[in-house]
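Topology and contacts: notes
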Amino acid sequence: MNPFASPDNLDKELRSLLCEASINLCDWFAESGNQGPIPDSFELPNVAPEKEGVTNNILLRDLQLLMEGAYRPSHPGALAHLDPPPLSASIIGDLICAGLNNNLLAEELSPSLSSLERKLSEWFSNKLGLGPLSSGVAVSGGTLSNLMALVMARNLAGLGSDPSAVFFASEDAHVSLLKAVEVMGLKKDSFQKIPTDEKGKLSIYELSLILKKIKSEGKKCFAVVATAGTTVRGAIDPINEVAKFCNKENIWLHVDGAIGGVFGLSPNTSELLEGLSCANSITVNPQKILGITKTSSLLLVANKDDLSSVFSTGLPYAEPISGNHFHGGELGIQGTRSAESLKLWIGLRQLGEKGIEKLLLNSISRRSYLESLIDNSKFKIISGSLHLLAITPLNYSSSESFEWSIKTRKSLLTNNFMLSRPIYKDRYYLKAVLGNPNTKFEDLKLLADLINQSIL
Ligand SMILES: *Cc1c(COP(=O)(O)O)cnc(C)c1O
């Protein structure tokens, strides 16, 4: 048995392995509806390699065990997080990507795929209105996209070695910004949290007050991060006003659109993100709603030279490339990278503009439908204009909300609904993300009944 595909003739063993694994995967999908979103228990196959390599049959059997213990994003009740079921084209994109095993580090290791990534990033950044000089780079997750944006903003502001330099984001911004503070060697108070209003949006008034204070302390600022889709309630900061503010103060605007950015792809939802086109950089995570297999994130920039001017080191061991391009490995923090844009490209092609729009609009309708069914004489609902909402009983103390959230999440799970349990401003909530295209209105009716009955 040769564990590498023959380069000389059709490798029948590989072909039957791929066929059987594909059949097993299809069966796994087919039975997902009869299972819950998460298994009650699972068995792990042997982890360490044996002395001799095992047969394909054993590999397939072991894979089956892992599959049975996996989270099932295609279950209609899988509503806890921003992890939708995968598009079928994206699955084969990942398979082919693994087979090609190209490396986005250097052009010579991924000739067609490096070019695809550039073109796709340009398409995306143009769609979001970033203009003729815009482009971007595929990055393994939104955390890294945000980090790269902040590193770029800080360096280009000439503050690369100033640990007291400051950036601003709302108090509801994503935890990845806290990691960025650590990685960038910034002081703890370099991340100035701006209070949000009652809708969970960054307050411009508070932002201007805090900037004044920071300046009066003699500190320098390098970025404002506006969030397009906060993690708990899907709120969108007033990007347009933040953009005007940044323009006036000459500060970099980064939009963390890990959740909401893709809503800019459709003319029917892009108005939710007014001002997005004024950003210097944008994080988008197609893995979070469009069903592109993980990981799929892009860092888009209004001026593509900004990426190379900060991250380019030269790649002395790779052939130089023609044109005014840079190797993929010079456009960000990562070196070796798989061709993540392959599954994004093929997934978007499968959906088409209409399919993308339908996914986005249907997610929003499911959120509004569920919202309309929750008894607001019993519950406080926090949501925005996207596809997320979170619910907590009215007038509960922090500890009462904790008890309720534990008990209710558990009883919902016995009915095969999986919601998450975020803590937000001292209260526990149950959060639903309505991006799962398999969830029907009748499922939501049942879910709402169960939630409404969770308190008397
Ligand atoms: C998920 C998320 C991120 C981080 O993205 P990962 O791909 O999980 O690293 C950043 N910002 C927001 C608003 C998010 O929801």
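Going by the structure above, here's the rest.
Structural notes, computed from the coordinates. These numbers come from a predicted model, not from an experiment.

1. A look at the layout of surface pockets
Empty space among the atoms becomes visible once a probe the size of a water molecule is rolled across them. In this structure, the largest pocket spans a volume of roughly 980 Å³. As for the largest pocket, its lining consists of 31 residues, and the residues nearest its centre are A21, L25, F29, M67 and I91. Elements that contribute at least two residues to the lining of the largest pocket include exactly helix 1 (12-32), helix 2 (56-68) and helix 3 (88-100). Tallying contributions element by element places helix 1 first for the lining of the largest pocket, with nine residues. Split by residue class, the lining of the largest pocket holds 22 nonpolar, six polar and three charged. Taken together, domain 1 (16-36 + 44-69) and domain 2 (97-348) each give at least three residues to the lining of the largest pocket, which thus spans both.

2. Some remarks on helix 2
Taking 1.5 Å of rise per residue, 13 residues should cover 18 Å, and helix 2 covers 18 Å from first to last C-alpha, within 8% of that figure. For helix 2, the full list of buried residues reads N56, L60, D62 and M67. Considered in projection along helix 2, the buried side chains sweep an arc of 165 degrees and stay on one side of the axis. In helix 2, the exposed residues that point more than 90 degrees away from the buried face are N57 and R61.

3. Examining the sheet that holds strand 7 (residues 297-301)
Reading across the sheet, the seven strands line up as 1-7-6-5-4-2-3 and stay open at both edges, with mixed pairing between neighbours. Bordering the open sheet on either side are strand 1 (135-139) and strand 3 (191-194), each of which pairs with just one other strand. Strand-to-strand twist of the sheet, defined as the mean angle between neighbouring strand axes without regard to direction, takes the value 20 degrees. In the sheet, strand 4 (residues 221-227) pairs with strand 5 (residues 252-257) via five bridges, with the strands oriented parallel. When the sheet's bridge partners are listed, T227 is paired in strand 5 with D256.

4. Observations concerning the site of the ligand
Around the ligand there are 14 residues in total, and G142, T143, D256, Q287 and K288 lie nearest to it. Measuring from an oxygen atom of the ligand, one finds a backbone N or O atom of G142 at 2.8 Å. N285 has a polar side-chain atom sitting 3.0 Å from an oxygen atom of the ligand. Against a free-state accessible area of 380 Å², the protein chains account for coverage of 85% of the ligand. Elements that contribute at least two residues to the shell around the ligand include exactly helix 5 (142-156) and helix 9 (286-289). The leading source of residues in the shell around the ligand is helix 5, at three residues. Grouping the amino acids of the shell around the ligand by side-chain chemistry returns two nonpolar, ten polar and two charged.

5. Some words on the environment of L361
By the secondary structure assignment, L361 is in helix 11 (residues 340-373). Assessed through its relative accessible area of 31%, L361 is described here as partly exposed. Through-space distance from the C-alpha of L361 to that of Q64 is 35 Å; in sequence the pair is 297 residues apart.

6. Quick word on the pattern of salt bridges
Considering all chains together, one arrives at 15 salt bridges under this definition. The partner of K219 in a salt bridge is D189, with the nearest N and O atoms 3.6 Å apart. Placement of the pair is K219 in the loop between helix 7 (204-216) and strand 4 and D189 in the loop between helix 6 (176-183) and strand 3, with a sequence separation of 30 residues. Owing to a relative accessible area of 38%, D189 belongs among the partly exposed residues under this scheme. We note a salt bridge from E249 to K215, for which the minimum N-O separation is 2.6 Å.

7. Section: the packing of aromatic side chains
Counted under the stated rule, the structure contains eight aromatic pairs. Note on Y369 and F441: the rings are 4.2 Å apart at their centroids and 10 degrees apart in plane angle, and the pair reads as stacked. Remark: F441 occurs in helix 13 (residues 441-452) and Y369 occurs in helix 11; sequence separation between them is 72 residues. The exposure class of Y369 is partly exposed, given its relative accessible area of 24%. You can call F441 partly exposed: its relative accessible area is 39%. For the pair F379 and W404, a centre-to-centre distance of 6.0 Å together with 50 degrees between the ring planes defines the contact as tilted. With F379 in strand 8 (residues 379-383) and W404 in helix 12 (residues 398-414), the pair connects residues that are 25 residues apart, well separated along the chain. Grouping residues by exposure puts F379 and W404 together as buried. Aromatic ring contacts, followed pair by pair, group F167, F191 and F222 into a single cluster.

The rules behind each value
- Residues numbered from 1 in each chain as written.
- Predicted model: local features only at pLDDT ≥ 70, side-chain atom pairs only at ≥ 80, totals over all residues.
- Heavy atoms only, no water.
- 1 Å grid on protein atoms, 1.4 Å probe; cavity = no way out; pocket = protein on both sides within 12 Å on 5 of 7 lines; lining within 4 Å.
- Points joined across faces, edges and corners; volume = space filled by probe spheres on them.
- Helix = DSSP H or I, 4+ residues; strand = E, 2+ residues; numbered from the N terminus.
- Nonpolar A, V, L, I, M, F, W, Y, C, P; charged D, E, K, R; others polar.
- Domains from an automatic or database assignment.
- Expected span 1.5 Å × (residues − 1).
- Buried < 20%, exposed > 50% of the residue type's maximum accessible area, 1.4 Å probe, protein only.
- Arc of directions from axis to C-beta.
- Pairing = 2+ DSSP bridges.
- Axes fitted to C-alpha atoms, helices over the stretch in contact; angles between N-to-C directions.
- Near = heavy atom within 4 Å.
- Polar contact = N/O pair within 3.5 Å; in protein donor to acceptor, adjacent residues only side chain to side chain.
- Areas by Shrake-Rupley, 256 points an atom, 1.4 Å probe, with all protein chains shown as cover.
- Salt bridge = Lys/Arg side-chain N within 4 Å of Asp/Glu carboxyl O.
- Phe/Tyr/Trp six-rings, centres within 6.5 Å; stacked < 30°, edge-to-face > 60°.

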